[in-house]
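Remarks on the overall topology
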Amino acid sequence: AVPVPQDGNRFGNKADGSSGKLLESFGKTLQSEMDRLNATQQHAESGVQDYAAGGEIPIHEVMLRLNKAELSLSLATQIRNKMVSASQELTHMQL
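What you are looking at is a predicted structure, and each value in this text was computed from that prediction instead of being measured.

**Some remarks on the overall build of the protein**
If you tally the helices and strands in the protein, you get two helices and zero strands. For the protein, the accessible area works out to roughly 8100 Å², and carbon and sulfur atoms hold 57% of it.

What follows is the structure, encoded as structure tokens:
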């Protein structure tokens, strides 16, 4: 067993709340990037809808939007997979 320090804080975080601020900052960054991903997906969808309705958007613009949306989603999925893997690894670590 790992000895727990007198303050009961086995992770070595300072009691000044800096870890809470870090988590809050991470959460805000994650939410911001998810919002950006959603906007990219919606932008691609609106291009498809405009083109299908006979709008002025050229087909190459629609394809570029779709490709960007696909790449963005693929990157987000890879990041999510890495985060899940890291979380599982942390869960299985012995303290």
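Back to the write-up after that little detour.
**Some remarks on the side chain of arginine 65**
With respect to the element layout, arginine 65 can be found in helix 2 (residues 59-92). The class of arginine 65 is buried, set by a relative accessible area of 16%. Among all residues touching arginine 65, those that are not within four sequence positions of it are His43, Ala44, Ser46, Gly47 and Ile57.

**Thoughts on the pattern of salt bridges**
Tallied over the full model, the rule gives three salt bridges. Residue arginine 36 pairs with glutamate 33 through a salt bridge whose shortest N-O separation is 3.6 Å. Pair noted here: arginine 36 and glutamate 33 are both in helix 1 (residues 18-52), with a separation of three residues, about one helical turn. For glutamate 33, a relative accessible area of 37% translates into the label partly exposed. Between glutamate 61 and arginine 65 there is a salt bridge; the shortest N-O distance is 3.3 Å. Of this pair, glutamate 61 and arginine 65 both sit in helix 2, separated by four residues, roughly a single helical turn. Residue classification places glutamate 61 among the partly exposed positions, given a relative accessible area of 28%.

**Quick word on the layout of surface pockets**
In this model, the largest pocket occupies a volume close to 370 Å³. Lining the largest pocket are 15 residues, with Glu33, Leu37, Ser72, Ala76 and Ile79 positioned closest to its centre. Looking at the lining of the largest pocket, the elements with two or more residues in it are helix 1 and helix 2. The greatest single-element share of the lining of the largest pocket, amounting to eight residues, is contributed by helix 1. Residue classes in the lining of the largest pocket are distributed as eight nonpolar, three polar and four charged.

**Focus on a nonpolar patch on the surface**
The grouping of Phe26, Leu30, Met34, Leu75, Ile79 and Met83 at the surface amounts to a nonpolar patch, some 530 Å² of accessible area in total. Mapped by element, the contributors of at least two residues to the nonpolar patch are helix 1 and helix 2.

**Comments concerning the packing of helix 1 against helix 2**
In contact at an axis separation of 9 Å, helix 1 and helix 2 are set at 150° when each is read in the N-to-C sense. By the criterion of interaxial angle, the relationship of helix 1 to helix 2 is roughly antiparallel. Handedness of the crossing formed by helix 1 with helix 2: left-handed. Two secondary-structure elements touch here, helix 1 through Phe26, Leu37, Thr40, Gln41, His43, Ala44, Ser46, Gly47, Val48 and Tyr51 and helix 2 through Ile59, Val62, Arg65, Leu66, Lys68, Ala69, Ser72, Leu73, Ala76 and Met83. Grouping the amino acids of the contact of helix 1 with helix 2 by side-chain chemistry returns twelve nonpolar, six polar and two charged.

What counts as what
Residues numbered from 1 in each chain as written. Predicted model: local features only at pLDDT ≥ 70, side-chain atom pairs only at ≥ 80, totals over all residues. Heavy atoms only, no water. Helix = DSSP H or I, 4+ residues; strand = E, 2+ residues; numbered from the N terminus. Areas by Shrake-Rupley, 256 points an atom, 1.4 Å probe, with all protein chains shown as cover. Buried < 20%, exposed > 50% of the residue type's maximum accessible area, 1.4 Å probe, protein only. Contact = heavy atoms within 4.5 Å. Salt bridge = Lys/Arg side-chain N within 4 Å of Asp/Glu carboxyl O. 1 Å grid on protein atoms, 1.4 Å probe; cavity = no way out; pocket = protein on both sides within 12 Å on 5 of 7 lines; lining within 4 Å. Points joined across faces, edges and corners; volume = space filled by probe spheres on them. Nonpolar A, V, L, I, M, F, W, Y, C, P; charged D, E, K, R; others polar. Patch = residues over 30% accessible without salt bridge, like charges linked within 9 Å, V, L, I, M, F, W, Y side chains within 5 Å. Axes fitted to C-alpha atoms, helices over the stretch in contact; angles between N-to-C directions. Parallel < 35°, antiparallel > 145°, perpendicular 65-115°, else oblique. Left-handed = near helix turned anticlockwise from the far one by under 90°.

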